[in-house]
Amino acid sequence: DPSRHVFIWTENLNCAQSYLSAIDTLYKFVVDSNQVRQPRDRDPVHEVSLGTNRSRPSDRDPNHSGPSDRDNPALVDHAKSLLQIAMLRLEEELRNLLDEYSEPANPEDLSDIVYACKKPDSPNDVGSLVSVCVELLQPDTLLDVREIASRMVACGYRTECTQVFVCSRRAMVEENLQRLGLERPTIEEVQRMSWEVLESEITKWVHIMKVAVMVLFHSEKQLCNKVFEEDGSSDAVFADIARASMTHLLNFGEAVAIGRRAPEKIFKILDMFETLRDLFPAIEELFSGSENESLKAEGTAILSRLADAIRGTFSELENGIQRDVSRNPIPGGALHPLTRYIMNYVKLFYEYADTLNEVLKDRNVPPLAPVGEGSSSHRHHLDTAGKTPLVVATLTIMELLERNLDAKSKLYRDPALTSLFLMNNLHYMVQKSKDDAVRKLVGDEWIRRKSGKLHQHHNEYRRTAWTRVLSCLRDEGMSFSGSGSTGGSARNVLRERFRSFNVAFEETVKTQS
């Protein structure tokens, strides 16, 4: 038959319905002979899906086979062979149909869709996103796929049908994710990435997760429901399509979670945690079958590991502050880079306040050791009563920073530079703490105490830095009442005082520059 080499649904569509009708006739004949190959887990409803309405004998086509035909073993065997050939043909047709009319989505369109569709009056975060279904197959193509799939399943070829469908759609899912920028590094490769590269990969991962779960996977699930809605296997088919890609996305999260702790990573890890946490209800709904329990358990475990990574990174930040030891003082008592780094870091905490309070509530932090008597650092007891976990963590970091700065101030030989260094750094901390975000974490009481301490450093600086300079202008030992040699002597003393003042002033300015 020359038509064997022509795909009916893509090249000779006019014959498609006739071909299906012929299959329906063969199927009914074999079913009526009670010798059809029984479908795996087949339900009698599938006979209805073929449109094989049981008519009365008087209404049958005169050319339709009668009871004697169904009792003819040779004729029944021939019909079964024809039906088997037809199923193989439908398998090829289904594969070709999916290959011809399945097209990858435009990644920009997917991105626009996922961020455009939000719950009303919701903030701009992943928790406000809603699932969106896009058209993966044109309606006519979808109808053809359903027609073919229903006959293959009813005739006992569910496995062959779903294998073709899964293979085609899985490849399309992977291509769509690849177009979004998804790469497939191993856990070892992720852990070897530089921070600049990893930071970029995390940003992509967050975006791809949102698009994959809320649009791509949701649309694939809907497509499976439409094609296999009567068969009851849509959940299993979808899982076979999307499970590998979902597992890969989760594996990247695990690779980051178990990686080396570093303070600069915390905000990106927070982004990952929030994304997975907020998407997890949708993931559980998508992968709802019992065959997906291990996948959901892995997702829960990775979410827990990301939370551990956040807590561990907080501890690493605190340890890093305590380990930051300098051998040489900052010239001129200027602002230390650590102060600027920590205050900019703390400012970002508030953007993740709800998540950090959720994660840090399970963190066991030993109380800070008391400061020595000789220290000028804050010796006030850190009261944690009634404070949120994030506020406690922030105040702990600020206390550790103060203690570190106090230790660094002792590197100066000049007491004036010690006071100037503490004054400059504490002034920066207080000014940054007046920002609304930081103020809500440290509180007004902390700002008042530190402002008072800043005033003490200022007074100490003035006393130690300028007392010697101003003493040069004292009038002790000077008399301008006489004349002659006495007056000349006074002028010489005055000149010497001015010279001493200029020298002391220049030395002080030079020291503090």
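**Student:** Hey, could you run me through the pattern of salt bridges in this one?
**Tutor:** Opposite charge on two side chains allows them to pair when their charged atoms are near. By the definition in use, this model includes 30 salt bridges. One salt bridge connects Arg-311 with Asp-308, and the closest N-O pair in it is separated by 2.5 Å. A residue pair is termed a helical-turn pair when its members lie 3 or 4 positions apart in one helix, as Arg-311 and Asp-308 do in helix H13 (residues 293–323) at three residues. With a closest N to O distance of 3.8 Å, Glu-445 and Arg-449 form a salt bridge. Of this pair, Glu-445 and Arg-449 both sit in helix H18 (residues 436–471), four residues apart, roughly one helical turn.

**Student:** Help me out: how do you make sense of the confidence of the model for the protein in this one?
**Tutor:** Should pLDDT be low for a region, the predicted coordinates there are not to be read in detail. In the predicted model, the protein carries a mean pLDDT of 82, and the fraction of residues at 70 or more is 76%. For residues 35–64, every residue scores under 50 in pLDDT, and the model assigns this stretch 50 contacts once sequence neighbours within four places are set aside. Confidence drops under pLDDT 50 across residues 373–380; counting only partners more than four residues distant or on other chains, this segment forms 22 contacts.

**Student:** What am I meant to see in the packing of H13 against helix H16 (residues 389–409) here?
**Tutor:** Describing two packed helices takes the angle between their axes plus the distance from one axis to the other. With their axes 9 Å apart at the nearest point, H13 and H16 run at an angle of 15 degrees to one another. With respect to each other, H13 and H16 are oriented roughly parallel. The way H13 lies across H16 gives a crossing that is left-handed. Each of Phe-314, Leu-317, Glu-318, Ile-321 and Gln-322 in H13 lies in contact with H16, whose residues at this interface are Leu-390, Ala-393, Thr-396, Ile-397, Leu-400, Leu-401 and Asn-404. Among the residues forming the contact of H13 with H16, the class breakdown is eight nonpolar, three polar and one charged.

**Student:** Would you mind showing me how to read the nonpolar core here?
**Tutor:** Looking at soluble globular proteins, one finds that nonpolar side chains tend to be buried together. The biggest cluster of nonpolar side chains holds 133 residues, and the ones touching the most others in it are Phe-165, Phe-217, Met-246, Leu-276, Phe-314 and Phe-349. Ranked by the residues each element gives to this core, the list is headed by helix H10 (residues 195–227), at 17 residues. Apart from residues no more than four positions distant in its own chain, Phe-165 is found in contact with Leu-98, Val-145, Leu-223, Cys-224, Val-227, Phe-228, Val-237 and Ile-241.

**Student:** Explain helix H17 (residues 415–433) here, please?
**Tutor:** An α-helix turns once every 3.6 residues. As a result, residues three or four positions apart point the same way. Over its 19 residues, H17 runs 27 Å from end to end, which matches the ideal 27 Å to within 8%, given 1.5 Å per residue. Of all 19 residues in H17, 14 are buried, a share of seventy percent or more. For H17, the side-chain oxygen to backbone nitrogen distance between the N-cap and Ala-416 is 2.9 Å, and the N-cap itself is Asp-414.

Rules of the game
- Residues numbered from 1 in each chain as written.
- Predicted model: local features only at pLDDT ≥ 70, side-chain atom pairs only at ≥ 80, totals over all residues.
- Heavy atoms only, no water.
- Salt bridge = Lys/Arg side-chain N within 4 Å of Asp/Glu carboxyl O.
- Helix = DSSP H or I, 4+ residues; strand = E, 2+ residues; numbered from the N terminus.
- pLDDT = per-residue confidence, 0-100.
- Contact = heavy atoms within 4.5 Å.
- Axes fitted to C-alpha atoms, helices over the stretch in contact; angles between N-to-C directions.
- Parallel < 35°, antiparallel > 145°, perpendicular 65-115°, else oblique.
- Left-handed = near helix turned anticlockwise from the far one by under 90°.
- Nonpolar A, V, L, I, M, F, W, Y, C, P; charged D, E, K, R; others polar.
- Core = buried A, V, L, I, M, F, W, Y, C linked by side-chain atoms within 4.5 Å.
- Buried < 20%, exposed > 50% of the residue type's maximum accessible area, 1.4 Å probe, protein only.
- Expected span 1.5 Å × (residues − 1).
- Polar contact = N/O pair within 3.5 Å; in protein donor to acceptor, adjacent residues only side chain to side chain.

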